[in-house]
Amino acid sequence: MEWVKHGLIFAPPMGLPWMSGHASVPCVKALDDKLVRVFFSGRDGEERSRVGSFDFDPREPSYVTRVNEGPALEPGGL
């Protein structure tokens, strides 16, 4: 596999308070040759991070097919 830079392919959507402004620390998993899942850290308005994910088609990187409506992991207690 060869790395090809495509620029911005995902920006946090408006209206999801658990990821109001960031999508950092991406980890990528190829589900098959037509679908890639990206896990990332999203931040809320109080700068608390949560893990979320989105899927896209690697043949058309600007086409995001699914975004988690809620976080995969919530912050826990101390």
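See above for the structure.
As a starting point, this report considers the structure included with it.

Listed in full, the 9 residues of the largest apolar core are Phe 10, Leu 16, Trp 18, Met 19, Val 36, Val 38, Phe 40, Phe 54 and Phe 56. Elements with a minimum of two residues in this core: β2 (35-43) and β3 (49-57). For this core, the element with the most residues is β2, which contributes 3 residues. For Val 36, the contacting residues outside a window of four places in its chain are Val 28, Lys 29, Ala 30, Leu 31, Phe 54, Asp 55, Phe 56 and Pro 58.

This next bit is on the packing of aromatic side chains. As enumerated under the stated definition, the model contains 5 aromatic pairs in all. Aromatic pair Phe 40 and Phe 54: ring centres 5.9 Å apart, planes at 50 degrees, arrangement tilted. With Phe 40 in strand β2 and Phe 54 in strand β3, this pair connects stretches of sequence that are 14 residues apart. A relative accessible area of 3% means that Phe 40 is categorised as buried. The interplanar angle of 35 degrees and the centroid separation of 6.2 Å between the aromatic rings of Phe 54 and Phe 56 together place this pair among those described as tilted.

What counts as what
Residues numbered from 1 in each chain as written. Predicted model: local features only at pLDDT ≥ 70, side-chain atom pairs only at ≥ 80, totals over all residues. Heavy atoms only, no water. Core = buried A, V, L, I, M, F, W, Y, C linked by side-chain atoms within 4.5 Å. Buried < 20%, exposed > 50% of the residue type's maximum accessible area, 1.4 Å probe, protein only. Helix = DSSP H or I, 4+ residues; strand = E, 2+ residues; numbered from the N terminus. Contact = heavy atoms within 4.5 Å. Phe/Tyr/Trp six-rings, centres within 6.5 Å; stacked < 30°, edge-to-face > 60°.

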